[in-house]
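An overview of the molecular structure
Residue-level listing of the chains:
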Amino acid sequence: GAVVSQHPSWVICKSGTSVKIECRSLDFQATTMFWYRQFPKQSLMLMATSNEGSKATYEQGVEKDKFLINHASLTLSTLTVTSAHPEDSSFYICSAVDRTGANVLTFGAGSRLTVL
Amino acid sequence: GQQLNQSPQSMFIQEGEDVSMNCTSSSIFNTWLWYKQEPGEGPVLLIALYKAGELTSNGRLTAQFGITRKDSFLNISASIPSDVGIYFCAGRRRAGSYQLTFGKGTKLSVIP
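Each chain has its residues counted from 1, following the order in which its sequence is written. By the order in which they are written, chains take letters starting at A while ligands take numbers starting at 1. Side-chain atom pairs in this predicted model are given and counted only at pLDDT of 80 or more, local residue features only at pLDDT of at least 70, and totals for whole chains, interfaces and linings cover all residues. Water and hydrogen atoms were dropped before computing side-chain values, which therefore reflect all heavy atoms in the structure.

Moving on to the overall build of chain B. Counting from the N terminus, the helices are DSSP H or I runs at least four residues long and the strands are E runs at least two residues long. In terms of helices and strands, chain B carries zero helices and 11 strands. If you list the helices and strands of chain B from N to C, you get β-β-β-β-β-β-β-β-β-β-β. When we talk radius of gyration, it's over C-alpha atoms, and the globule rule is simply 2.2 Å times the number of residues to the 0.38. Here the C-alpha atoms of chain B give a radius of gyration of 13 Å, agreeing with the 13 Å that 2.2 N^0.38 yields for 112 residues. With the principal axes as the frame, chain B shows a C-alpha extent of 40 × 30 × 20 Å. Buried, partly exposed and exposed residues are distinguished by accessible area as a fraction of the type maximum, computed with a 1.4 Å probe on protein chains only: under 20%, between the cut-offs, and over 50%, respectively. The buried share among the 112 residues of chain B stands at 44%. Counting only contacts in chain B whose residues sit at least 6 apart along the sequence, the fraction spanning at least 24 positions is 54%. Total accessible area on chain B stands at roughly 5300 Å², and carbon and sulfur atoms take up 52% of it. Side-chain charges of chain B comprise 10 positive and 8 negative groups, with the mean position of each set lying 15 Å from the other. Whether two residues are in contact is decided by their heavy atoms: any pair within 4.5 Å suffices. Per-residue and other accessible areas follow the Shrake-Rupley method at a 1.4 Å probe size, with only the shown protein chains counted as cover for residues. Residues counted as positive are Lys and Arg, residues counted as negative are Asp and Glu, and His and the chain ends are not counted. Charge positions come from single atoms, namely NZ of Lys, CZ of Arg, CG of Asp or CD of Glu.

The biggest cluster of nonpolar side chains holds 23 residues, and the ones touching the most others in it are W35(A), Y92(A) and L113(A). Of all the secondary structure elements, the ones that give two or more residues to this core are β2 (10-13), β3 (19-25), β4 (32-38), β5 (44-51), β7 (67-73), β8 (76-81), β9 (90-97) and β11 (111-115) of chain A. Residues belong to one nonpolar core when they are buried, are Ala, Val, Leu, Ile, Met, Phe, Trp, Tyr or Cys, and are joined through side-chain atoms within 4.5 Å.

Turning our eyes to something else, we now look at the packing of aromatic side chains. Centres within 6.5 Å make a pair out of two Phe, Tyr or Trp rings, where for Trp the six-membered ring is used; the pair is then stacked when the planes are under 30 degrees apart, edge-to-face when over 60, and tilted otherwise. Tallied over the entire structure, the rule returns eight aromatic pairs over all chains. Taking 5.6 Å as the distance between ring centres and 45° as the angle between the ring planes, the aromatic pair formed by Y36(A) and F107(A) counts as tilted. On the criterion of sequence distance, the pair formed by Y36(A) in strand β4 and F107(A) in strand β10 (residues 105-107) is long-range, its members being 71 residues apart. On the basis of relative accessible area, Y36(A) is assigned to the buried category, the value being 0%. With a relative accessible area of 8%, F107(A) lands in the buried category. Taking 6.3 Å as the distance between ring centres and 45° as the angle between the ring planes, the aromatic pair formed by F67(A) and Y92(A) counts as tilted. Taken together, the residues span a long stretch of sequence, with F67(A) in strand β7 and Y92(A) in strand β9 at a distance of 25 residues. Assigned by exposure class, F67(A) and Y92(A) land together as buried. Three or more aromatic residues link up through ring pairs in this structure, and these residues are Y36(A), F107(A), Y35(B), F88(B) and F102(B).

In this section: the state of the cysteines. The disulfide definition used here is simple: a pair of cysteine sulfur atoms within 2.5 Å. Within this structure, the stated rule accounts for two disulfides over all chains. Here C23(A) pairs with C94(A) through a disulfide, and the sulfurs are 2.0 Å apart. Its S-S torsion of about 80° marks the bond between C23(A) and C94(A) as right-handed, since a negative value means left-handed. Taken together, the positions of C23(A) in strand β3 and C94(A) in strand β9 put the pair 71 residues apart, joining distant regions of the chain. In this structure C23(A) comes out as buried when scored by relative accessible area, which is 0%. Taking the relative accessible area as the measure of exposure, C94(A) reaches 0% and is therefore buried. Covalent S-S linkage joins C23(B) and C89(B), the inter-sulfur distance amounting to 1.7 Å. As the torsion about the S-S bond is roughly -80°, the C23(B)-C89(B) disulfide counts as left-handed.

What follows is the structure, given as C-alpha cells:
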C-alpha cells in the first residue's frame, strides 16, 4: 500500500532558528499533500494544502511567511518553520493521496518539534 | 477550522467489552472516515464510509454513515488491550476533495 514518510520524526531546536520537515511519498506520486498540526491531546488541524509545482494554499489563521511550504517534486513536500518560537512546538503530520492507485489518503508518522 | 463533535472524549473499559463512539456535525459530509492514532504516530485509516446509511465492518470494527449525512458511529466489539489509542472521526465535504475535518478524538483505555 501507499507509504508516506516524514523526516525527522522528532527535532529540538533553539528559539529563533528555522526547522525543515520533509514529507515523502515512497511508492507513489502525490500531486497534493496536506500539512496538519496537532497539539497535545488535541485533534489534527489542517494548516495548508501543498500543490506540486505551485504555491501552497493556507488555511485561515496560518501565517504563510512563518510556515513555508515547498512541493518541488511529485514525491516531496517540505514544511519549514521559520524563526521558531516555543509556541510553535507541536506534532506536525503530513498526508498524501495516491490518485493513480487506491485513492486513499495516507498519513505520515508525524514530526515532533520542540522549540527551546 | 471547524471541528466535528465527537463523543465520548475518553473511555475506560474492561477487556472483552464492546465500545461505541460517535461524531455529529451541523453540516453535511460526503464521506466519513474513522482513524486510530497511537502515541507518536500518524493516524491510520480504519474504515471509510461513502454513502448515507452505509454500514461497513473491518474485523471487530463496525461503522455507519448516518442517514442525515451529519453523523457517524464506530463500534468495537470484544475489545482487546491493543485497541488502546485515540480514535478520530473525520469528514470530507466534497467528492474529489481530500481536505478533512477532524473530530477531537476519543481516547480508549482497555483494562486487561
